[in-house]
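Spelled out from the first residue to the last, the chains are:
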Amino acid sequence: MMKTCRESEELMSLALDGLLSGDERRTLDQHLATCESCAAVWDAMSEVSEMMWASPIVAPPAGFARSVVSELEARQQKERLRRQGIATIVSLVALLATVGLLASVWMGLWLGDAVGFRLAVASFFDQISDAVSLVARGVRVPLGLLDPTQVRIGVVSLALLVSACTVLWASVLVRVDRNARRAMGVRLDLETISIPR
Amino acid sequence: MQDEIVLIKRTRAGDQQAFARLVEQYQSQVYNLCYRMLGNSGEAEDAAQETFLRAFSRLKTYDESRKFSSWLLSIGSHYCIDRLRRRRFTWTDIDDLAPKLESSRSDDRPEHVYLQAELADEVQRMLGNVSPLYRTVLILRYWQHASYEEMGEILGISESAVKSRLHRARKAMADVMQEQSAARGQLTPAVMQG
């Protein structure tokens, strides 16, 4: 049966790879003998196919394998430095958190009354909340209304809160980093590196 | 094959010497894919390097029942396609115009080398005029000698999709060649008169 031009075109590609059965090849040849435009397409496809088969492989530059291994080493070194940087930040945050904690305890002792300390903190946040709502309504709040002791307590409490959040954030960061490295499968034993010649 | 599995296992365990041997073994295939995809040696070197580094970092996900070269070429071809999508401008270095060719024949007479270089340039120009998806399938067929099944595995598509894409790619290349021939035919009389 005579093929349409579209069907014949689909057979051409398979013909170039030698994947047509005898019947399919005869059908294609019959169509090409009667259809000038398909014959032109077939000639062009055959020619370009021959050109690609004849076109040589392009060689990589000399020392390519060595440069890949060197780049791997450089990236692993960078990764190690990044991890050291994270470890330094975590240490500083831990130090800050400890100082904040000690300062808070000292502040509580200084006030002499733990219940009073908690009430003072609550009062400070109430005042802040009132001030924010007043500002939101466009009313000016004189700072002198705030009690200096309560301000000190509030500042230390805020420092403690920030420290706790930062420690939490840093621990999440370290966990994410560890998981990412596990997924990448990167090992850091750079001392074992050697490049075959 | 057995040696290759040993090298892969040693690389997984962190042996970079084994990794370097794998690079040496497959550098020609990967570099050639990248060169044909991207069209210049500078970018090809960069992309081939990135392909191997990605393979190193993802080696734990490699399924040993698959052909290693197919897995590697899959990483390389997807990377090159992404790179072409991101590419806005093309800078061509004068040194990039003459890549080092690896001839399958032992004929190294100057005229043969010249003709091979001419052919490589012409084919590369034509490849540059078809879409990256078509280019990939042509490179895998003509320079990597991949079967339809292997191409499907590398590209993550079915064999019938490979047949269809390869057909359209060949047709696109034929169209480019016909357009170039027509353009040369129109230019020639003007050049002769000039």
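Parameters at a glance
Residues numbered from 1 in each chain as written. Chains lettered and ligands numbered in written order. Predicted model: local features only at pLDDT ≥ 70, side-chain atom pairs only at ≥ 80, totals over all residues. Heavy atoms only, no water. Helix = DSSP H or I, 4+ residues; strand = E, 2+ residues; numbered from the N terminus. Buried < 20%, exposed > 50% of the residue type's maximum accessible area, 1.4 Å probe, protein only. Areas by Shrake-Rupley, 256 points an atom, 1.4 Å probe, with all protein chains shown as cover. Patch = residues over 30% accessible without salt bridge, like charges linked within 9 Å, V, L, I, M, F, W, Y side chains within 5 Å. Salt bridge = Lys/Arg side-chain N within 4 Å of Asp/Glu carboxyl O. Contact = heavy atoms within 4.5 Å. Buried area = accessible area lost by both parts, 1.4 Å probe. Expected span 1.5 Å × (residues − 1). Polar contact = N/O pair within 3.5 Å; in protein donor to acceptor, adjacent residues only side chain to side chain. Phe/Tyr/Trp six-rings, centres within 6.5 Å; stacked < 30°, edge-to-face > 60°. Core = buried A, V, L, I, M, F, W, Y, C linked by side-chain atoms within 4.5 Å. Axes fitted to C-alpha atoms, helices over the stretch in contact; angles between N-to-C directions. Left-handed = near helix turned anticlockwise from the far one by under 90°. Nonpolar A, V, L, I, M, F, W, Y, C, P; charged D, E, K, R; others polar.

Just give me the short version of the overall build of chain B, but keep the residues and values in it.
On a plain count of helices and strands, chain B comes out with 8 helices and 1 strand. Along chain B, helices and strands appear, N-terminal first, in the series α-α-α-α-β-α-α-α-α. Burial analysis of chain B (194 residues in total) assigns 49% to the buried set. On chain B, roughly 10000 Å² of surface is accessible, and the fraction owed to carbon and sulfur atoms is 50%.

How would you explain a nonpolar patch on the surface if you had to name every residue and give the values?
Residues and elements named next belong to chain A. Together, I89, W169 and L173 line one region of the surface with nonpolar side chains, adding up to about 290 Å² of accessible area. Inspection of the secondary structure puts W169 in helix α6 (residues 148-184). Residue classification places W169 among the partly exposed positions, given a relative accessible area of 48%.

Kindly report on the interface of chain B and chain A, identifying the contributing residues and their values.
Interfaces are often sized by the amount of accessible area the parts lose when they come together. Taken residue by residue, the interface counts 51 residues in chain B and 42 residues in chain A. Between chain B and chain A, roughly 4600 Å² of surface is buried when both sides are summed, and carbon and sulfur atoms account for 65% of that area. Linking chain B to chain A there are 3 salt bridges. Between D17(A) and R170(B) there is a salt bridge; the shortest N-O distance is 2.8 Å.

Give me the lowdown on helix α2 (residues 16-38) of chain B, citing residues and values where you can.
All names here are of chain B. For α2, which comprises 23 residues, the first-to-last C-alpha distance of 28 Å sits more than 12% below the rise-based estimate of 33 Å (1.5 Å per residue). Extensive coverage of α2 is indicated by the burial of 17 of its 23 residues. Between the side-chain oxygen of the N-cap and the backbone nitrogen of Q17 there are 2.9 Å, and the N-cap of α2 in question is D15. With its phi angle positive at about 85 degrees, G39 sits one or two positions after the end of α2.

Outline the packing of aromatic side chains, supporting the account with residue identities and numerical values.
To describe a pair of aromatic rings, you give the distance between the ring centres and the angle between the ring planes. All names here are of chain B. Tallied over the entire structure, the rule returns 9 aromatic pairs over all chains. A ring pair is formed by Y62 and W71, whose centres lie 5.1 Å apart and whose planes are at 50 degrees; its orientation type is tilted. Given the relative accessible area of 7%, W71 is considered buried.

Which residues make up unusual backbone geometry, and what are the values?
Glycine aside, residues mostly have negative phi angles, and peptide bonds mostly take the trans form. All names here are of chain B. The phi angle at H145 is positive, at roughly 50 degrees, despite the residue not being glycine. Relative to the assigned elements, H145 resides in the loop between α6 (132-142) and α7 (148-155). The exposure class of H145 is exposed, given its relative accessible area of 53%.

Please give an account of the side chain of S55(A) that cites residues and values.
Counting through the fold element by element, S55(A) comes out in the loop between α3 (36-54) and β1 (57-58). Separated by 3.1 Å, the side chains of S55(A) and R36(B) make a polar contact. In this structure S55(A) touches R36(B), L119(B), A120(B), V123(B) and W143(B), once residues within four positions along its chain are discounted.

Which residues make up the nonpolar core, and what values go with them?
Counting residues in hydrophobic clusters, the biggest one holds 79 residues, and the most contacted among them are F52(B) and F68(B). Of all the elements, α2(B) adds the most residues to this core, at 13 residues.

Run through the packing of α2(B) against helix α4 (residues 68-86) of chain B, naming residues and quoting values.
All names here are of chain B. Following both chains from N to C, one finds α2 and α4 inclined at 35 degrees, their axes separated by 10 Å at the closest point. The handedness of the crossing between α2 and α4 comes out as right-handed. Taken together, the residues of α4 that come into contact with α2 (itself represented by L22, Y26, Q29, V30, L33, C34, M37 and L38) are F68, S69, L72, L73, G76, S77, C80, I81, R83 and L84. For the contact of α2 with α4, a count of residues per class yields 13 nonpolar, 4 polar and 1 charged.

How would you summarise the pattern of salt bridges if you had to cite specific residues and measurements?
One pass over the full model with this rule turns up 17 salt bridges over all chains. The closest approach of N and O atoms between E71(A) and R75(A), which form a salt bridge, is 3.0 Å. With E71(A) and R75(A) both in helix α4 (residues 64-111), this residue pair falls 4 residues apart, about one helical turn. Via salt bridges that share partners, E71(A), R75(A), E50(B) and R54(B) belong to a single interconnected network.

Run through the environment of A44(B), naming residues and quoting values.
All names here are of chain B. Examined against the element boundaries, A44 turns out to sit in helix α3 (residues 41-58). The class for A44 is buried, based on a relative accessible area of 0%. A sequence separation of 12 residues divides A44 from N32, and the C-alpha atoms of the two residues are 7.9 Å apart.

Outline the environment of T51(B), listing residues and values.
Residues and elements named next belong to chain B. Structurally, the position occupied by T51 is in helix α3. A C-alpha to C-alpha distance of 8.8 Å links T51 and S77, two positions 26 residues apart in sequence. With residues up to four places along the chain from it excluded, the contact list for T51 reads V30, C34, L72, I75 and G76.

For α3(B), give the residues involved together with the corresponding values.
Residue and element names in this part refer to chain B. End to end, α3 covers 25 Å across 18 residues, agreeing with the expected 26 Å (1.5 Å per residue, within 8%). Of all 18 residues in α3, 13 are buried, a share of seventy percent or more. The distance from a side-chain oxygen at the start of α3 to the backbone nitrogen of G42 is 3.3 Å, and the residue carrying that oxygen is N40.

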